[in-house]
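Here's the letter readout for the chains.
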Amino acid sequence: MVVSARKEASDIGLSILKKGGNAFDAMVATQLALAVAYPVAGNIGGGGFMVYRKANGDVGSLDYREKAPLKASSKMYLDKAGNIIKDMSTFGAMSVGVPGTIAGIFAVHKRFGSLPLKMLIEPVIFLAERGVVVTKKQRKRLENYSADLKRANGTDFFLTQGFQEGDTIKYDSLANTLKQILKNGRDDFYKGDTSKKLVAYIQNEGGIISQEDLENYQAKWRPVVTFRYKDLKIISMSPPSSGGITLAQIMKMIEPFPLSKYGHNDIKTIQVITEAERRAYADRNFFLGDPDFVSIPINQLLDSIYLSDRMKDFSFQRATKSDSISHGSMAFLESNETTHYSIVDSFGNAVSVTTTLNGNYGSKLYCNSLGFFLNNEMDDFSAKKGIPNQFGLTGGEANSIAPEKRMLSSMTPTIVERAGKLYMVVGSPGGATIITSVLQTILNVYEFGMNMQEAVSAPRFHHQWLPDHITLESDSFSKQIKDSLKILGYKINEKNTPIGKVDAILLLKGLKKEGGADPRGDDATSGY
């Protein structure tokens, strides 16, 4: 089974599984297919994280997150007065981090792949040349971002020519780039003709990424974050993703409370989860960053006594104020438009992959000669301590900019075991809301007895310490719930929705699998 943001990508991933490929082969094909079918976030100009569990129970993760260029500096987005320069970290060539996606898929294939790359990449090339049908949601997204795309790429940019629902968009330049990568391998992107075209384009647009930046880039195999929640074993991503640690903190803080007794989205359930999120995000923003650059006290952050102490001042009688919560004795913004896919093969291998350009269409820059968008991942650093990024997340010194450093992320690709067996594969886009979307999906199945599609579709809420409000999905919570929260001192925000787009798989008894594709997007499940 493959669940992703577009049916075309899910189908290509599934076709690889039908040909006898494993989940890692399907990961390569699905990742590249999303670059064609879902260019708002699917990419070869960005990066991501993969968490895996092999059929024999072995687990691990791959970090192919973008990196800061060699010429990057901690104050590169500040003017002489020390103030943030508007748009510099979010729009255009200076916002681009060194891409990691191609390095990621080649690393996965080299270690775990079973089919030749030709079988994995050729269906994607065919999709790019045949074209992808525009959906209603894609048409609206292109319309909403038309002005920014024209500002970055000129008024004649092909994606701003008024595509309507049902039209077909072909991506011939991307097809040619994929042909070059298939012919010449990973090095084509990082050392060969593609890299030279990419560097020339970025520098011509005023960016600082160099040939040396591309040549130096390496994807990294990382240890996973593992923890227990009741009789579940959760396997998630380690730093420079904040996802695994923050998810672990929240789940350990809420574990003593009888959520299933309270009920799904009951006022007490919302309170407990909100207060745990408030405390975990405060720690996130202060302590977490690239582990190659900063020391992260993971054991202390996940210590049960420490987390119990963090919840001691929680009361059902009133909201805790975020200005009274600091890190244990962090806020930062992150793009909402990432994308996630989940895969389980017939052998029992599972991969959970979250990948991104950061913002919608990343930096908005599209390299026409190569056929793909470039990320604006540099905005995920703390450009200035205490100043929120585009997602409202506030960062600290641990996530400051440095050459070749990876920026902190909220991406939370996660795999869940129960009784020693594969149970769930789950993940989401959504910037700062990724972690809380993954959390609530797991709880919806485990605590509230939902099937996977119900768990994915259910209304969600979010709190991230700062700003100090609960974000509720619009028109999804009753007036009674909202009034009760306000009486308790909680501020309510219903503007920034939807919250995440979860794509997940639940393993049932026997060999049956149940997919959950988020109805908030064009997401689709493909299985056999």
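Residues numbered from 1 in each chain as written. Predicted model: local features only at pLDDT ≥ 70, side-chain atom pairs only at ≥ 80, totals over all residues. Heavy atoms only, no water.

**Describing the packing of aromatic side chains**
Inspection of the entire model under this criterion finds 23 aromatic pairs. The ring of tryptophan 221 has arginine 111 lying over it, and the distance from NZ or CZ to the ring centre is 4.1 Å. The positively charged end of arginine 151 is found above the aromatic ring belonging to phenylalanine 91, 3.7 Å away from the centroid. (Phe/Tyr/Trp six-rings, centres within 6.5 Å; stacked < 30°, edge-to-face > 60°. Lys NZ or Arg CZ within 6 Å of the ring centre and 35° of its normal.)

**Here we look at the UniProt feature "active site" (unreviewed entry) in the chain**
In the numbering used here, UniProt assigns the feature "active site" (unreviewed entry) to Thr338. Its location among the elements puts threonine 338 in strand β9 (residues 338-344). Owing to a relative accessible area of 2%, threonine 338 belongs among the buried residues under this scheme. Setting aside chain neighbours within four positions, we find threonine 338 in contact with Tyr38, Ala41, Thr354, Thr355, Thr356, Asn358, Met411 and Pro429. (UniProt positions renumbered as here; feature names shortened; annotations may be inferred. Helix = DSSP H or I, 4+ residues; strand = E, 2+ residues; numbered from the N terminus. Buried < 20%, exposed > 50% of the residue type's maximum accessible area, 1.4 Å probe, protein only. Contact = heavy atoms within 4.5 Å.)

**Concerning the pairing of strand β8 (residues 232-236)**
With 4 of 5 residues buried, β8 lies mostly within the body of the structure. Bridge count between strand β7 (residues 225-229) and β8: 5 bridges; the pairing is antiparallel. Pairing of valine 225 across the sheet is with serine 236, part of β8. Counted between consecutive antiparallel strands, the loop separating β7 from β8 contains 2 residues, among which lysine 230 sits at a positive phi close to 55°. In this sheet, strand β13 (residues 414-418) lies alongside β8 in antiparallel orientation, the contact comprising 5 bridges. Counted as the bridge partner of isoleucine 235 is isoleucine 415 from β13. (Pairing = 2+ DSSP bridges.)

**Thoughts on the nonpolar core**
In this structure, Met27, Leu32, Met50, Ile102, Tyr171, Ile343 and Val351 are the most contacted members of the largest nonpolar core, which totals 82 residues. Ranked by residue count, the leading element in this core is helix α2 (residues 23-37), at 12 residues. In this structure, Leu247, Leu288, Ile434 and Ile470 belong to the second largest nonpolar core, which totals 80 residues. (Core = buried A, V, L, I, M, F, W, Y, C linked by side-chain atoms within 4.5 Å.)

**Quick notes on the sheet that holds strand β19 (residues 513-517)**
One open sheet accounts for 6 strands, arranged β7-β8-β13-β14-β18-β19; its pairing is antiparallel. The open sheet terminates on both sides in strands that have one partner only, identified here as β7 and β19. Each strand axis lies, on average, 20° off the axis of its neighbour in the sheet, ignoring direction. In this structure, strand β14 (residues 421-426) lies alongside strand β18 (residues 503-507), joined through 2 bridges in antiparallel fashion. In the sheet register, methionine 424 faces β18, and the bridge partner there is leucine 506. Contacts from helix α11 (residues 243-254) reach β7, β8 and β13, with the element oriented near 15° to β7. Across the sheet, helix α16 (residues 434-446) is in contact with β7, β8, β13, β14 and β18; its angle to β14 comes to roughly 135°. (Axes fitted to C-alpha atoms, helices over the stretch in contact; angles between N-to-C directions.)

**Quick notes on the UniProt feature "binding site: L-glutamate" (unreviewed entry) in the chain**
With numbering aligned to this structure, UniProt lists the feature "binding site: L-glutamate" (unreviewed entry) at Arg65, Thr356, Leu357, Asn358, Asp380, Ser409, Ser410 and Gly431. From the list above, the largest cavity is lined by Leu357. On the secondary structure map, leucine 357 appears in the loop between β10 (350-356) and β11 (366-367). Its location among the elements puts aspartate 380 in the loop between β12 (372-373) and β13. Polar side-chain contacts of aspartate 380 include one of 2.8 Å to the side chain of arginine 65. (1 Å grid on protein atoms, 1.4 Å probe; cavity = no way out; pocket = protein on both sides within 12 Å on 5 of 7 lines; lining within 4 Å. Polar contact = N/O pair within 3.5 Å; in protein donor to acceptor, adjacent residues only side chain to side chain.)

**A few points about the sheet that holds strand β16 (residues 470-472)**
Strands sit in the order β15-β16-β17 across an open sheet of 3 strands; the sheet is mixed. A single partner strand is all that each edge strand has here, and the edge strands are β15 (461-462) and β17 (492-493). Direction of pairing for β16 relative to β17: parallel, over a ladder of 2 bridges. For threonine 471, the partnering residue across the bridge sits in β17 and is asparagine 493.

**Focus on helix α4 (residues 117-130)**
Taking 1.5 Å as the rise per residue, α4 with 14 residues should run 20 Å; its terminal C-alpha atoms sit 20 Å apart, in good agreement. Of all the positions in α4, only Leu117, Leu120, Ile121, Pro123, Val124, Ile125, Leu127 and Ala128 are classed as buried. Residues of α4 that are buried make contact with α1 (7-18), α2, α3 (101-112), β4 (132-133) and α7 (172-184). Count one or two residues on from α4 and you reach glycine 131, which has phi positive near 105°. (Expected span 1.5 Å × (residues − 1).)

**Here's the deal with the packing of α11 against helix α13 (residues 267-287)**
Across the interface, α11 lies against α13 with an axial gap of 9 Å and an inter-helix angle of 145°. Judged by the sense of rotation from one axis to the other, the crossing of α11 with α13 is right-handed. On α13, the residues that touch Thr246, Gln249, Ile250, Met253 and Ile254 of α11 are Val272, Ile273, Ala276, Glu277, Arg279, Ala280, Tyr281, Asp283 and Arg284. For the contact of α11 with α13, the class distribution of residues is 8 nonpolar, 2 polar and 4 charged. (Left-handed = near helix turned anticlockwise from the far one by under 90°. Nonpolar A, V, L, I, M, F, W, Y, C, P; charged D, E, K, R; others polar.)

**Section: the pattern of salt bridges**
All told, the structure shown has 31 salt bridges when counted by the stated rule. A salt bridge links aspartate 231 to arginine 418, with the nearest nitrogen and oxygen atoms 3.3 Å apart. Among the ionic pairs, aspartate 468 bridges to arginine 278, the shortest N-O distance being 2.7 Å. A cluster of three or more residues bridged by salt bridges with shared partners is formed by Asp63, Lys220, Arg222, Asp290, Asp292 and Arg406. (Salt bridge = Lys/Arg side-chain N within 4 Å of Asp/Glu carboxyl O.)

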